Amino acid sequence: MEYRSNRSVQPKKCKKKVKKNLIIFIQTLIIIVLTAALVVVSLNYNSLKSSVKSNNSSSDLTSLNTSSEAEVKVDETKEWYLKLVNPDVSVTNDFISSIKLSNIDSRFTSGNESSKFLDERVVDAFVSMCEAALKDGIALKAISAYRTYNYQNTLYNNRVQRCMNEGYSREEAKQVAATIVAIPGTSEHHLGLAVDINSVEESFEDTTAFRWLQENAEDYGFIMRYSKEKKSITKIIYEPWHYRYVGVEHAKRINELDMCLEEYIDYLKAKNK
């Protein structure tokens, strides 16, 4: 009886074992397939990532090169601090009226209305220059700075009349007056970047203030605008008192090259060609 009972149980155990092995095989196969799929996806992702990174780097390099080229080709002569105004280049009343002004520290003005304002971007440089001079025992004061069109018109007409009183015809008086007082619309004072310091007499060149300015003004971005040697170019008389803001870098370069602003702008334009 025992022998017959053992024979009937064995096939059932065998079937269970086969079924269990099959399940394990299928699970293992699934794991292998999934692992292979993950490897393929990972490789494709890394390849795509590298490709995108390479493209971006190339794009960034191209952008950088383009940017660098753009920087080289920038025409600085169009910047506000190098804006040219002279007998041949004028500005409109609307432009003059649009200048944003700031008050000059009252310590460094003569008190006249025309001595109180400069372009807001220049005031700090002028005040710093005056403070530095004061530490050296030199008093600098603006006697004329920003001028409106109407104020310049009054100055010019007064000069024309003075010339006529000296015996010039009206047409001659206008021509002579224009070398001393700019025709309205052609004065640097309209820009709020120019300032007459301490005097409007040629004898200013004999003062310690003038000598200090010659040595130090460029460190604050100012140049003496109208020299004796450049009168044929500027078409303005020698004015040792008239200083113009162009920025520190350009002030130093202009002095180094011994140029007036007209020559310097032509020099910059030639470099950009």
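Our structure's up above, just so we're on the same page.
Keep in mind that this is a model prediction, so the values were computed, not measured.

Trainee: Looking at this model, I keep getting lost on the layout of surface pockets. Mind explaining?
Mentor: It is a probe the size of a water molecule, rolled over the atoms, that shows where empty space is left. Estimates place the volume of the largest pocket at around 660 Å³. Taken together, 33 residues make up the lining of the largest pocket; nearest its centre are I180, V181, V200, E239 and W241. Elements with a minimum of two residues in the lining of the largest pocket: β3 (142-144), α4 (149-165), β5 (222-226) and β6 (239-245). At six residues, α4 tops the list of elements feeding residues into the lining of the largest pocket. Within the lining of the largest pocket, the residues separate by chemical class into 14 nonpolar, nine polar and 10 charged. Lining the second largest pocket are 20 residues, and of these Q214, M224, S227, N255 and D258 lie nearest its centre.

Trainee: Please explain the side chain of R147 as it appears in this structure.
Mentor: With respect to the secondary-structure elements, R147 resides in the loop between β3 and α4. Residue classification places R147 among the buried positions, given a relative accessible area of 11%. Contact partners of R147, with chain neighbours within four places excluded, come to I96, Q152, L155, S187, H189, H190 and D196.

Trainee: Sorry if this is basic, but what is going on with the side chain of E239 here?
Mentor: Within the secondary structure layout, E239 lies in strand β6. For the buried residue E239, which engages in no salt bridge, the nearest side chain bearing the opposite charge is R147, 7.2 Å off. In this view, E239 contacts I180, M224 and Y226; residues no more than four positions away in its chain are not counted.

Trainee: Could you clarify how one ought to interpret the nonpolar core in this entry?
Mentor: Core analysis: the largest hydrophobic core is formed by 48 residues, its most contacted members being F126, M129, L140, L213, F222 and Y243. It is helix α3 (residues 123-135) that contributes the most residues to this core, eight residues altogether. The contact partners of L140, leaving out residues within four places of it in the chain, are F108, M129, C130, A133, I197, N198, A209, W212 and L213.

Trainee: Just to check I follow, could you spell out the pairing of strand β4 (residues 194-197) for this structure?
Mentor: Within a regular beta strand, the side chains point alternately toward one face of the sheet and then the other, so they alternate between its two faces. What you see with β4 is no split at all: A194 and D196 on one side and V195 and I197 on the other are buried throughout. Inspection of the sheet shows β3 paired to β4 by two bridges, in the antiparallel sense. Residue A142 lies in a different strand from β4, and its bridge partner there is I197. Of the strand pairs in this sheet, β4 and β6 are connected by three bridges, and their pairing is antiparallel. When the bridges of β6 are listed, V195 appears paired with Y243.

Trainee: What is the right way to read helix α9 (residues 261-271) from this model?
Mentor: Along an α-helix, a turn takes 3.6 residues, which lines up residues three or four apart on a common side. Of the residues making up α9, those classed as buried are L261, E262, Y264, I265 and L268. Seen from one end, α9 has its buried residues packed into an arc of 165 degrees, which puts them on one side. On the buried face of α9, the contacting elements are β5, α7 (231-234), β6 and α8 (248-257).

Trainee: Whenever I open this one, the sheet that holds β5 confuses me. Can you help?
Mentor: By way of backbone hydrogen bonds, the strands of a sheet pair with one another, either parallel or antiparallel. Spatially, the four strands line up as an open sheet ordered β3-β4-β6-β5, and their pairing is antiparallel. For this open sheet the edge positions go to β3 and β5, each flanked by a neighbour on one side alone. Sheet twist, expressed as the average angle between the axes of neighbouring strands with direction ignored, equals 50 degrees.

Quick notes on the rules
Residues numbered from 1 in each chain as written. Predicted model: local features only at pLDDT ≥ 70, side-chain atom pairs only at ≥ 80, totals over all residues. Heavy atoms only, no water. 1 Å grid on protein atoms, 1.4 Å probe; cavity = no way out; pocket = protein on both sides within 12 Å on 5 of 7 lines; lining within 4 Å. Points joined across faces, edges and corners; volume = space filled by probe spheres on them. Helix = DSSP H or I, 4+ residues; strand = E, 2+ residues; numbered from the N terminus. Nonpolar A, V, L, I, M, F, W, Y, C, P; charged D, E, K, R; others polar. Buried < 20%, exposed > 50% of the residue type's maximum accessible area, 1.4 Å probe, protein only. Contact = heavy atoms within 4.5 Å. Lys, Arg positive; Asp, Glu negative; His and termini not counted. Salt bridge = Lys/Arg side-chain N within 4 Å of Asp/Glu carboxyl O. Core = buried A, V, L, I, M, F, W, Y, C linked by side-chain atoms within 4.5 Å. Pairing = 2+ DSSP bridges. Arc of directions from axis to C-beta. Axes fitted to C-alpha atoms, helices over the stretch in contact; angles between N-to-C directions.

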